[in-house]
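Chain by chain, the residues run as shown.
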Amino acid sequence: GAGVSQSPSNKVTEKGKDVELRCDPISGHTALYWYRQSLGQGLEFLIYFQGNSAPDKSGLPSDRFSAERTGGSVSTLTIQRTQQEDSAVYLCATGTANTNSPLHFGNGTRLTVT
Amino acid sequence: AQSVTQLDSHVSVSEGTPVLLRCNYSSSYSPSLFWYVQHPNKGLQLLLKYTSAATLVKGINGFEAEFKKSETSFHLTKPSAHMSDAAEYFCVVSEPRSARQLTFGSGTQLTVLP
């Protein structure tokens, strides 16, 4: 079956521009996470959606970052006025509401800010 | 609060020799524990999970891990390394009472020498 799909796979943008990253979850997965992975670093939590509950935004590094999830399905992560330090791989992961169930990860979007 | 410590940022083994990747965790409740593997330019893939059943957990590709509550450890092992095992490995803890649920270790880069 289809896995978690992220687009684009690569994005190069100029400093100061806005970017949108997309995540298509596995059908029926109510939990959706965004993580940031910088070169040689572990995963940095950004935001978590669970069903219709208010999202946990506590990991967003600044107000330039925002995310939404429409209809409990597709999610978009938006970075406004990009900075060079935003360069990283952005990973989306989805899962069921059961905390014992593992997450399924997309292949990520590699963002490069020049 | 929960936390995960991966004790080695890099591990290097020769092909055909055993692999040991170490993980210690801290949790206020009975956690679930996972190991994920990430190959270059890919998302994370689940290797195995512990969810309070058998303490010795077998995963894919010949990997296994043993949950030791007294030592708060969940080390990943494999009897004989293969070149294709070269990747980054993440230990993850999940607490059911945590809204965000997951905490990732910083990762261990495994190199397999011919």
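See above for the structure.
Residues numbered from 1 in each chain as written. Chains lettered and ligands numbered in written order. Predicted model: local features only at pLDDT ≥ 70, side-chain atom pairs only at ≥ 80, totals over all residues. Heavy atoms only, no water.

Engineer: Kindly report on the overall build of chain B, identifying the contributing residues and their values.
Structural biologist: Helix and strand content of chain B: zero helices and twelve strands. For chain B, the sequential pattern of α-helices and β-strands runs β-β-β-β-β-β-β-β-β-β-β-β. A compact globule built from 114 residues would reach a C-alpha radius of gyration of about 13 Å, and chain B, at 14 Å, matches this within 12%. Structurally, chain B occupies a C-alpha span of about 45 × 30 × 20 Å along its principal axes. Per-residue burial over chain B gives 44% buried out of 114 residues. Considering only contacts within chain B whose residues lie at least 6 apart along the sequence, 56% involve residues at least 24 apart. As presented, chain B carries roughly 5,500 Å² of accessible surface, and 51% of it is formed by carbon and sulfur atoms. Of the side chains in chain B, 9 bear a positive and 8 a negative charge, and the two mean positions are spaced by 8 Å. (Helix = DSSP H or I, 4+ residues; strand = E, 2+ residues; numbered from the N terminus. Rg over C-alpha atoms; globule rule 2.2 N^0.38 Å. Buried < 20%, exposed > 50% of the residue type's maximum accessible area, 1.4 Å probe, protein only. Contact = heavy atoms within 4.5 Å. Areas by Shrake-Rupley, 256 points an atom, 1.4 Å probe, with all protein chains shown as cover. Lys, Arg positive; Asp, Glu negative; His and termini not counted. Charge placed at Lys NZ, Arg CZ, Asp CG, Glu CD.)

Engineer: Let's hear about the packing of aromatic side chains: which residues, and what values?
Structural biologist: Summed over the entire model, instances satisfying the criterion amount to 13 aromatic pairs over all chains. Both rings, one in A:Phe105 and one in B:Tyr36, keep their centres 5.5 Å apart while their planes meet at 75°; by these two values the pair is edge-to-face. Separated into two different chains, A:Phe105 in strand β9 (residues 104–105) and B:Tyr36 in strand β5 (residues 32–38) make up a pair that spans both. B:Tyr36 carries the same exposure label as A:Phe105, and that label is buried. (Phe/Tyr/Trp six-rings, centres within 6.5 Å; stacked < 30°, edge-to-face > 60°.)

Engineer: Lay out the side chain of B:Lys78 in plain terms, naming residues and giving numbers.
Structural biologist: Residue and element names in this part refer to chain B. Looking at where Lys-78 falls in the secondary structure, it is placed in strand β9 (residues 73–78). A distance of 2.8 Å separates a polar atom in the side chain of Lys-78 from a polar atom in the side chain of Asp-85. In this structure, Lys-78 is in contact with Pro-18, Val-19, Asn-61, Gly-62, Phe-63 and Asp-85, ignoring residues within four places of it in sequence. (Polar contact = N/O pair within 3.5 Å; in protein donor to acceptor, adjacent residues only side chain to side chain.)

Engineer: Outline the sheet that holds strand β6 (residues 65–69) of chain A, supporting the account with residue identities and numerical values.
Structural biologist: All names here are of chain A. Taken in spatial order, the four strands line up as β1-β3-β7-β6 in an open sheet, and their pairing is antiparallel. In the strand order of this sheet, the two ends are held by β1 (5–7) and β6, each with one partner. Neighbour-to-neighbour, the strand axes of the sheet open up by a mean angle of 15°, direction not taken into account. Note: β1 against strand β3 (residues 19–24), three bridges, orientation antiparallel. Paired with Gln-6 across the strands is Cys-23, a residue of β3. (Pairing = 2+ DSSP bridges. Axes fitted to C-alpha atoms, helices over the stretch in contact; angles between N-to-C directions.)

Engineer: Residues and numbers for the pairing of strand β1 (residues 3–6) of chain B, please.
Structural biologist: Residue and element names in this part refer to chain B. Burial along β1 is one-sided: the residues Val-4 and Gln-6 are buried and none of Ser-3 and Thr-5 is. Looking at chain direction, β1 and strand β4 (residues 23–26) are connected through four bridges and run antiparallel. Pairing of Val-4 across the sheet is with Tyr-25, part of β4.

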